[in-house]
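# Analysis of the macromolecular model
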Amino acid sequence: MTVTPAMQPASQPGKGILLYMAAFFFMSTMELMAKLLTQDLHVAQAVWARYAGQTVIVVVWLFPQLGQVVRTRYPGLQFARSVLLLIGTAVFFTALTYLGLAEASAVMNINPVLITVGGAIFLGETFGVKRAFGVGAALIGALIVIRPGTDVFSPATLLPLISASCYAGFILLTRKVGHDEDPRTSLLYAALLGAIITSVVVPFYWQTPDLRQVGLMCAIGILGALGQFLMIQSVRYAEASAIAPFSYIALLVAAFWGYVAFGDVPDLATWIGGGIIVASGIYIWHRERSGVVPIR
């Protein structure tokens, strides 16, 4: 199924932002499951669960229309999307074995700047003063959480930085194909390559999981598929640079899950930085909803 111009959704930045925030909630919850799983099993099994799970879910869901869904107008771009997402996930899951959820998420969240700048350079999206203000404020909030010069800046922090670059490229390519590609097609291809590659690699690291670990692996696949679908939908309704600052919601979700699962209590700087991030996100959302045109 190919999305024709008549099928393309109208620009609805507010809806796109809400979908994006929901996607990051599910993605951050998936990362919690991955961190719990990799405490006992190799990270390769977590990455395999992520992509094999999503592939199975999508294939079962779309089986009656699978012949149409696999048709793509952009095989090269879909391949590139899959590669970037696979590398980004594998690197970030590895980072979770060295860093806490909040720390890894904080470093990872440089990607909104990369997305916004990339959207302006490669997609011709607007990048004016007000949008730059929102992104800059959110970045300042993230830096307050990270606090350069502290233990967060260990060699392991290079891993989420690499992941952020891959994820930014994935978002930009998703936006590129999103106007006239069925979102179900993008959802399938986002997982298919990863499932094939990890299915070849994972036997070399396989440890038989117990019932709890099987549950975590299933949760990783389900949450990843749901988050990915919502993210793909979000960039069909709003520009990549408009929704980019809302990636910072992952900081707050990660801090919450870090406390619930591991008893990690965010300090004052984390709360201050998180407050700035939320405020900047609300500002951009309000501007996008109140004005029909994108922020300029």
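Residues numbered from 1 in each chain as written. Predicted model: local features only at pLDDT ≥ 70, side-chain atom pairs only at ≥ 80, totals over all residues. Heavy atoms only, no water.

### What to know about the nonpolar core
What counts is decided by this rule: Definition of nonpolar core: a set of buried residues of the types Ala, Val, Leu, Ile, Met, Phe, Trp, Tyr and Cys, connected through side-chain atoms within 4.5 Å. Working definition: with a 1.4 Å probe on protein chains only, accessible area under 20% of the residue-type maximum means buried, over 50% means exposed, and in between means partly exposed.
The biggest cluster of nonpolar side chains holds 62 residues, and the ones touching the most others in it are Y20, F93, I115, Y167, I171, I220 and M231. Counting eight residues, the second-largest nonpolar core is a separate cluster that includes A138, A142, L251 and I277.

### Let's talk about the environment of V58
To keep things clear, this is the line we draw: The helix count covers DSSP runs of H or I at least four residues long, the strand count covers runs of E at least two residues long, and both are numbered beginning at the N terminus. Note on contacts: a residue pair is in contact if any heavy atoms of the two residues lie within 4.5 Å.
Inspection of the secondary structure puts V58 in helix α2 (residues 43–62). Distance in space between the C-alpha atoms of V58 and L226 is 10.0 Å, their sequence separation being 168 residues. With residues up to four places along the chain from it excluded, the contact list for V58 reads L187 and L188.

### Looking at helix α8 (residues 158–178)
Basically, it comes down to this: Multiplying 1.5 Å by the residue count of a helix minus one yields the expected span of that helix.
When the terminal C-alpha atoms of α8 are compared, their 30 Å separation across 21 residues agrees well with the 30 Å that a helix rising 1.5 Å per residue should span. Summarising burial for α8: 15 of the 21 residues are buried, a large majority.

### Description of a nonpolar patch on the surface
Stated formally: Only residues whose relative accessible area exceeds 30% and that take part in no salt bridge are eligible for patches, with like-charged residues grouped when within 9 Å of each other and nonpolar side chains (Val, Leu, Ile, Met, Phe, Trp, Tyr) grouped when within 5 Å. The accessible surface values rely on the Shrake-Rupley method and a 1.4 Å probe; as for residues, cover is taken only from the protein chains in view. The salt bridge criterion pairs a side-chain nitrogen of Lys or Arg with a carboxyl oxygen of Asp or Glu, the two atoms within 4 Å.
Together, I197, V200, V201, F204 and Y205 give the surface a local cluster of nonpolar side chains, amounting to about 500 Å² of exposed area. Position of V200 among the secondary structure elements: in helix α9 (residues 183–201). Since its relative accessible area comes to 54%, V200 is described here as exposed.

### Some points on the packing of helix α4 (residues 75–96) against α8
Stated precisely, the cut-off is as follows: For helices, the axis comes from a line fit to the C-alpha atoms of the stretch in contact; other axes are also lines fit to C-alpha atoms, and the angle between any two N-to-C directions lies between 0 and 180 degrees. Angles below 35 degrees are treated as roughly parallel, those above 145 as roughly antiparallel, those between 65 and 115 as roughly perpendicular, and all remaining angles as oblique. Handedness of a crossing is defined here by the sense of rotation of the near helix relative to the far one, left-handed for an anticlockwise turn of less than a right angle and right-handed for a clockwise turn. Nonpolar residues are Ala, Val, Leu, Ile, Met, Phe, Trp, Tyr, Cys and Pro. Charged residues are Asp, Glu, Lys and Arg, and all others, Gly as well, are polar.
Interaxial distance between α4 and α8 falls to 8 Å at its minimum, and their mutual angle equals 155°. Judged by the angle between their axes, α4 and α8 are roughly antiparallel. Relative to α8, α4 is oriented so that their crossing is left-handed. On α8, the residues that touch L77, Q78, A80, R81, L84, L85, I87, G88, V91, F92, T94 and A95 of α4 are L159, P160, I162, S163, C166, G169, F170, L173, T174, K176 and V177. In the contact of α4 with α8, the residues fall into 15 nonpolar, six polar and two charged.

### Section: helix α10 (residues 211–237)
Side chains that are three or four residues apart share a direction in an α-helix, a result of its 3.6 residues per turn. Along its 27 residues, α10 runs 40 Å from first to last C-alpha, staying within 8% of the 39 Å computed at 1.5 Å per residue. For α10, the tally of buried residues reaches 19 of 27 residues, placing the bulk of the element in the interior.

### Some words on the confidence of the model for the chain
Applied cut-off: Confidence scores here are pLDDT values: one per residue, from the predictor, ranging 0 to 100.
The pLDDT averaged across the chain works out to 82; a share of 88% of its residues lies at or above 70. No element of the chain has a lower mean pLDDT than helix α13 (residues 268–290), at 71, and none a higher one than α4, at 94. Overall, residues 1–7 carries pLDDT values under 50, and its contacts beyond four positions in sequence, including any with other chains, amount to 17 contacts. Low pLDDT, under 50, characterises residues 291–296; the stretch is placed with 14 contacts to residues that sit more than four places away or in other chains.

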